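Structure at a glance
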Amino acid sequence: MILVTGASGHLGANLVRRLLADGQDVRALVRPGSPAGALAGLAVHRTVGDLRDPAAVAAAVEGCESVYHCAARVSTAARGHREIHAVNVLGTRNVLEAARQHGVSRVVVTGSFSATGQAPGRAGTERDLHYPFGPHTPYTRSKVLVEHECCKAAAQGLEVVVAVSTAIIGPHDYVPSRMGRVLLDFAHGRLLAYIPGGFEFVSVQDLVQGHLLAMERGLSGHKYLLSTEFCTVDRMMDLYAQVTGRPKPRLRMPAPAMETLARLAEGPRSVLTPHREARFTPAAVRFLRSERRADCTLSREVLGYRPTSIATAVEQAYRCFADRGLVERRGVATPAPRPAGRRGREAEPEPEGSAMATEPTEPTEPTEPTEPTEPTEPTEPTEPTEPTGGLETGLETGLETGLETGLETGLETGLETGNRKAITAPRLPDRHLPWLGPLPAFHRDPVAMLRAARERVGDTFAFPLLGQEVVFACGPEAHAEVFEADEAILSQREAYRFMAPIFGSGIGFDAATPEEMDAQIAPMRSALGSRNLDAYVRTMEAEVRARTAHWPAQGEIDLLAELNRITVAITTCSLIGEEFHRRMGPELPRLYRELESGIRLAGMLSPKAPIPAFRRRDRARAAIAEAIGEVIAERRRRPPGGESAVLPGSSAGATGGQDMLAVLLAARTPDGDPMPDHIVTGILIGMIVAGQLSSAVLATWTGVLLLRHPDYVPLLRAEQEETWAPGSPLGTRTLRRMELLDNCVREAERLHPPLILLMRKALSDTTIRGHHVPAGSLVMISPAVAHRMPEVFAHPDRFDPSRYGTGRAEHRRPYALIGFGGGKHRCIGVAFAYLQVKTVWSVLLREADFRPTRSAYPPDYSTFVPAPAAPCTVRYRKRSTTSS
Ligand code: HEM
C-alpha cells in the first residue's frame, strides 16, 4: 500500500492516477472538505484527516510501505505564519515521524523551488542555499523548514527524498490551481495584457515521473529539482493562444512601468481590499523580471529524469478542462515544438515521443543577484493544493492586468476590460461613476433601481457594479435559462462565495467543488423531507404558543421582532436541538442578527474587509460555532437515539422525530466516515442563515398584508374552523388543507420575496435571451422585480390571493414565481418555510386580533433580506379576552 497526502491537489490527483495505472494499491489522505472530483471514480482508499493531527496522520501511514507527501498549505500571503507553519512544517514532521514509527521504507516529500537559493548569473541548483534574510513569505520559509525536517528525519535513519516542484501545469486540476486559473481566464478572454518575463514550468506528468524516480533512485536526505522547461511569458501566451483559439493579448506592458503602477496601486488596495489575495505587487513584478531559472542536471544524472514539453502539458490541461465543461471543447491544435533550451539539459538526447521544445529567448533583464522577492499582501492562506510558491505568483502577475487587477486595486489601469466590450445586452446609460457603477442608487433601493432601468432599457441589460460587469435578466424565460444552466457555465457557488466566512472554509458555497457542496447539503435535503415535517410542525406550534403565552392580554408588539424570536426558536430547536436553545437562551436572536448582518454588498468586494459588520459577523459565528461544537461533543458521547435528539411530541424511535443535527451526525461521507464536526457546524450555521431570517421576514410580510387587507381574516378563520378542530395539534395534513392561508402566504412571497436578488457567476461565455454574456460577468435576477411584471401577473401590485385559485394559477407558469428560486438550486427548505409561516399565522389568528399602528409599512432595502422598516409595530388583543 502506498500513501499519497494532498491527493486531491493537482499533483496528488495525477500521482494517484499514475500509481493506480501501475497497478499499485493507493491510500489517499485528503483534508476534510477537499474536492471530491479529483478522486471521483478511482479505486483508492480515501481517508480524511488533518496533517496537524498526529493521530490521524499515523492512522493514514500505518500499513503503508511508502509515502508521497504532496500536501501543503500554499499561500502568497504575508500573514498566516502560524497556520502555514503548522500545516507545512509540523504536518511534514507528523508524516515523517509516523513513517519512522510504522517502518515505512521510503518517503518522497514535495518541495518548492522558492525554497532554493539563487546564485548570480546562472540557473539555480540543488546546492544553492536559501538566503534567509530576504523578504520571504511564510510559505517560502515553511518550505525551507520542510527541507530541514527531511534532513533531520534522514539523519535519524528514515529514507526520505525531496522532489522539488516549479510552476505546475497539466491535466486533472480540480481546485483549480493558480496556473489552471490563468489558463481558464485566458480561454474566457479575461487576460487583456501581460508583462514580459519568464519562469520555470513543470508538466504535472513530468513532476509525477520525477516523484516516482525520486522514490526509486533518490539519495536519502537529498533534493532534486524538477522542471520541464523555462518559458517566457510571450511563449506561454503563444501556447495558450494555440490551445484556446483566442488571440493573445495585444498589450505587452513594459515591466518598469508596471512596477510603478503596482506601487501606485498598493495604497488604494490596502484600503479597499486588504484581505484579498493580491498578485499585482511591485515585488511580484520584480520577481517576474528576474527570470529565475532551474538547472535540473542532478535530477537527470542521478534519477534519469527526462522532462517532456510544456506545450503538451498546456494542451492536456485545456482538454481536461474541456472534458469537465469549464471551457469550450475544440479541436486543440498541437502547439509547435521548440528547440532545446540552453542549460544542462540541452545536451541530453530527447526522450522518445517527447515534444521537447526550443526557445531561443534570452532573458530581457539580467538575473538579479539577490533572492527573488515574493508578494507580501496580507491575505488569507489559500487551500492546500500543490507545492508551488512565489514563481507562479509572478506568472499570474505577468498575465493578469485586466479586470481582476482593476477589481483588486480599484484602479482602472487604462485597459478596457474584455467583458465590457463583449456584452451585447443594452447597457444602462453611463451616467454613473466608473467602476462603482450605479452603486448609490443600487445600495439605497436595488428593486426601485432595477425596476426603473427595466422600464427604460428592457428585460435584459448590463451595468458595472464595484468593478464587476453585471447582466440583469427578467422574465420567466430568462429565469429558465439562468436556473437551468449548467453549474460549469453559470455558477451559483462562485456567485455566493462571499458568504464563505459565514459557512466556514471549504463548506457550502466555499466547498471545493459543486459536487462537494451537493454532498454536504444532501443530508439536509432528506432531513427536510416530508416524513420529518410533522415533527417539525409540532415544534413550530409549541414555540408560537410558548411565545404568545408571555404576551399580556392586549398591547403593542414589534411584529418583526416577535416573529424573529419565534423563528429563532423554531429554527434552533429543529436544526440543533432544544439543549442548544436552552444553553444560548436570549443571546441567540442577537447572535443570529449579527451573523446575518454580515451579508452585504461590501462582501462581494472583500468578504473579510475590516469593517465593524464583518467583525461582528465573525465574532457571532465563532460564538455559535463554539456552542454547537459543545453540543456535538455531548451528542457524540451519548449513545445514538438519546432523548435530546428527538423533537418534542415525536413518536419514540421514529426517524421523523430527529432534529437536523442528529441527521448530520448519523450521515456518512462517501467513504463511510462520519462527517467531520467542523463541516456539521458549518452546514448548520449555513442553514440558520438560509432559513431563519427569511422565514421571519416572510411571516412578517404575511401579517402586514393581512393587516392591510382585514377582509381576509374572517375568511381565514372560517377556513380554520373547517380544517382544525380546537384542542387538536396542527399537522402537515391540516395545514395543507388551509388553501386560502396558503394563497395569502404565496402573495406575500410574490409581493415581498425575502431574497430580492439571486446571482450566478458566468464561468464560460454564454447567452441569455440571445445576448452574449462573457465569462466573468455576474448574472443577476430579481424575484422582487420579476413578481411585479404585468405581463406575468395581472395587476401585479394588488394583493390578490385568488390569482392562485382554480382557473387562474398564474404562478404555475414555469419560473414565474421564484421567491424560492428554481431549477436544481431551488430552496430545499421551501416546505419547511411554508409550514412555519402557516403555523405561525394559524396560531396567531386563533389567539389574537391584530390592528396596524401605522398607515404604511414600507420595505427597508438596506439589508439583503428586506423586511418592513422598523419599528414594525402592531396592536393586538388576545381573543379569549375579546370574547369575555
Ligand atoms: C421564507 C424562507 C426562505 C426563502 C424565501 C428562501 C429562499 C431561497 C432561494 C431564493 C434560494 C435559491 C437561491 C439561488 O438560486 O440563488 C434558496 C436556496 C436554498 N435554501 Fe432557502 N429559503 C427559505 C428558507 C429556507 C430554509 C428554512 C432552509 C433550510 C432549513 C433553506 C435552505 C436553503 C438551501 C440549503 C438552499 C441552497 C439550495 C441549493 O443550492 O441547492 N431555505 N432559498
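Residues numbered from 1 in each chain as written. Predicted model: local features only at pLDDT ≥ 70, side-chain atom pairs only at ≥ 80, totals over all residues.

1. A word on the overall build of the protein chain
Stated precisely, the cut-off is as follows: Secondary structure elements are defined from DSSP: runs of H or I of at least 4 residues count as helices, runs of E of at least 2 residues count as strands, and each element is numbered from the N terminus. Think of it as a crowd count around each C-beta: if 20 or more other C-beta atoms lie within 10 Å the residue is buried, if 12 or fewer it is exposed, and in between it is partly exposed, with C-beta placed from the backbone throughout. We call two residues in contact when the distance between their C-beta atoms, placed using the backbone, is within 7 Å.
Scanning the protein chain from N- to C-terminus turns up 34 helices and 22 strands. Classification of the 884 residues of the protein chain by burial places 53% in the buried group. When contacts within the protein chain are restricted to residue pairs at least 6 apart in sequence, those whose partners lie at least 24 apart make up 79%.

2. Considering the site of the ligand
We count it as follows: Being near a molecule or strand means, for a residue, that its C-beta atom, positioned from the backbone, comes within 6 Å of it. Note that Gly is not counted as nonpolar here; it falls among the polar residues with everything else outside the nonpolar set of Ala, Val, Leu, Ile, Met, Phe, Trp, Tyr, Cys and Pro and the charged set of Asp, Glu, Lys and Arg.
Neighbouring the ligand are 20 residues; G691, G821, H825, C827 and G829 lie closest to it. Looking at the shell around the ligand, the elements that each hand over two or more residues are α28 (677-708) and α33 (830-847). Of the residues forming the shell around the ligand, the biggest block, six residues, is contributed by α28. Considering only residue class, the shell around the ligand consists of 12 nonpolar, eight polar and no charged.

3. Re the sheet that holds strand β20 (residues 778-781)
Selection criterion: Any two strands are treated as partners once DSSP identifies two or more bridges connecting them. Convention adopted: a line fitted to C-alpha atoms gives each axis, helices being fitted over their contacting stretch, and angles between N-to-C directions are expressed from 0 to 180 degrees.
Strand order across the open sheet formed by five strands is β13-β14-β20-β17-β15, with mixed pairing between neighbours. The open sheet has two free edges, formed respectively by β13 (460-465) and β15 (490-491), since each of these has just one partner strand. Relative to strand β17 (residues 758-762), β15 is paired through two bridges, and the arrangement is antiparallel. When the bridges of β17 are listed, L490 appears paired with A762. Most of the contacts of helix α17 (residues 476-483) go to β20, to which it runs at about 135°, and overall it touches β13, β14 (468-473), β15, β17 and β20.

4. Focus: the pairing of strand β9 (residues 198-203)
Within β9, six of the six residues are buried, which leaves the element mostly enclosed by the surrounding structure. Every second residue of β9 is oriented toward a common face, with G198, E200 and V202 on one face and F199, F201 and S203 on the other, all of them buried. Both β9 and strand β11 (residues 229-232) contribute to a ladder of four bridges, which runs antiparallel. Note on β11: the bridge partner recorded for E200 is F230.

5. Considerations on helix α6 (residues 204-217)
Condition: In a helix, the anticipated span is given by 1.5 Å times the number of residues less one.
Taking 1.5 Å per residue, 14 residues should reach 20 Å; α6 reaches 20 Å between its end C-alpha atoms and fits that length. Of all the 14 residues making up α6, 11 are buried; the element is thus mostly covered by neighbouring parts of the structure. Turning to α6, its buried residues number three or more, namely V204, Q205, D206, L207, V208, Q209, G210, H211, L213, A214 and M215.

6. Some words on the pairing of strand β10 (residues 223-226)
Within a regular beta strand, the side chains point alternately toward one face of the sheet and then the other, so they alternate between its two faces. The alternating pattern of β10 places K223 and L225 on one face and Y224 and L226 on the opposite face, and all of these are buried. Note: strand β6 (residues 160-165) against β10, four bridges, orientation parallel. Residue pairing for β10: V164 is matched across the bridge by L225.

7. Notes on unusual backbone geometry
In this model, A870 is joined to P871 through a cis peptide bond whose omega is -5°. Following the sequence through the fold, P871 ends up in the loop between β21 (848-852) and β22 (873-878). One non-glycine residue with positive phi stands out, namely L466, at about 50°. As for its position among the elements, L466 is in the loop between β13 and β14. Positive phi values are uncommon outside glycine, yet H795 reaches one of about 40°.

8. Digging into the packing of helix α22 (residues 559-575) against α28
Between two packed helices, what matters for the description is the angle formed by their axes and the separation of those axes. The test is simple: Each crossing is labelled by how the near helix is turned from the far one, with a counterclockwise turn of less than a right angle marking it left-handed and a clockwise turn marking it right-handed.
Interhelical geometry of α22 versus α28 gives an angle of 145° and a closest axis separation of 9 Å. Between α22 and α28 lies a crossing whose hand is right-handed. On the side of α22, the interface is formed by L559, L560, L563, N564, T567, V568, T571 and L575, while α28 contributes L684, M687, I688, G691, Q692, S695, A696, A699, T700 and G703. Along the lines of polarity and charge, the residues of the contact of α22 with α28 split into 10 nonpolar, eight polar and no charged.

9. With respect to the sheet that holds strand β4 (residues 66-69)
Sheet strands line up and pair through hydrogen bonds in the backbone, either parallel or antiparallel. The strand order across the open sheet built from seven strands is β3-β2-β1-β4-β5-β6-β10, with neighbouring strands paired in parallel fashion. The open sheet has two edge strands with one neighbour each: β3 (45-48) and β10. Adjacent strand axes in the sheet meet at a mean angle of 20° when their direction is disregarded. Bridging between strand β1 (residues 2-5) and β4 involves four bridges; their strand directions are parallel. Of the residues in β4, the one forming a bridge with T5 is H69. Strands in contact with helix α3 (residues 81-101) are β1, β4, β5 (106-112) and β6; relative to β4, the strand with the most contacts, it is inclined by about 175°. Docked against the sheet, helix α4 (residues 138-155) engages β5, β6 and β10, running at close to 160° with respect to β5.

10. Digging into the environment of C827
With respect to the helices and strands, the residue C827 is situated in the loop between α32 (783-786) and α33. On the basis of neighbour counts, which here come to 17 C-beta atoms within 10 Å, the residue C827 falls in the partly exposed class. C827 sits 137 residues away from A690 along the chain, and the two C-alpha atoms are 9.0 Å apart.

11. A few points about the confidence of the model for the protein chain
Formally: pLDDT is defined as a per-residue confidence score from the predictor, taking values between 0 and 100.
Residues of the protein chain with pLDDT of at least 70 account for 82%, and the chain-wide mean is 81. Every residue in residues 332-421 is under pLDDT 50, and counting partners more than four places away or in other chains gives 277 contacts. Taken as a whole, residues 642-656 scores under 50 in pLDDT and shows 30 contacts with residues more than four places along the chain or in a different chain. Per the prediction output, this complex has pTM 0.60; the corresponding ipTM is 0.98.

12. Quick word on the environment of V713
Along the polypeptide, V713 turns up in helix α29 (residues 712-723). Residue contacts for V713: discarding those within four places in its chain leaves L706 and L845.

13. Remarks on the packing of helix α7 (residues 233-244) against helix α11 (residues 310-323)
Quick note on the threshold: By definition in this entry, angles of less than 35 degrees are roughly parallel, angles greater than 145 are roughly antiparallel, angles of 65 to 115 are roughly perpendicular, and the rest are oblique.
Between α7 and α11, the least distance of the axes is 10 Å, while the angle of their chain directions is 40°. With respect to each other, α7 and α11 are oriented oblique. As for how α7 packs across α11, the hand of that crossing is right-handed. On α11, the residues that touch L239, Y240, V243 and T244 of α7 are I310, A311, V314, E315 and Y318.

14. Examining the environment of N14
Turning to its location among the elements, N14 is positioned in helix α1 (residues 10-21). Note on N14: 25 C-beta atoms within 10 Å, which makes it buried. Leave out the neighbours within four places in its chain, and N14 touches G170, H172, V204, Q205 and V208.

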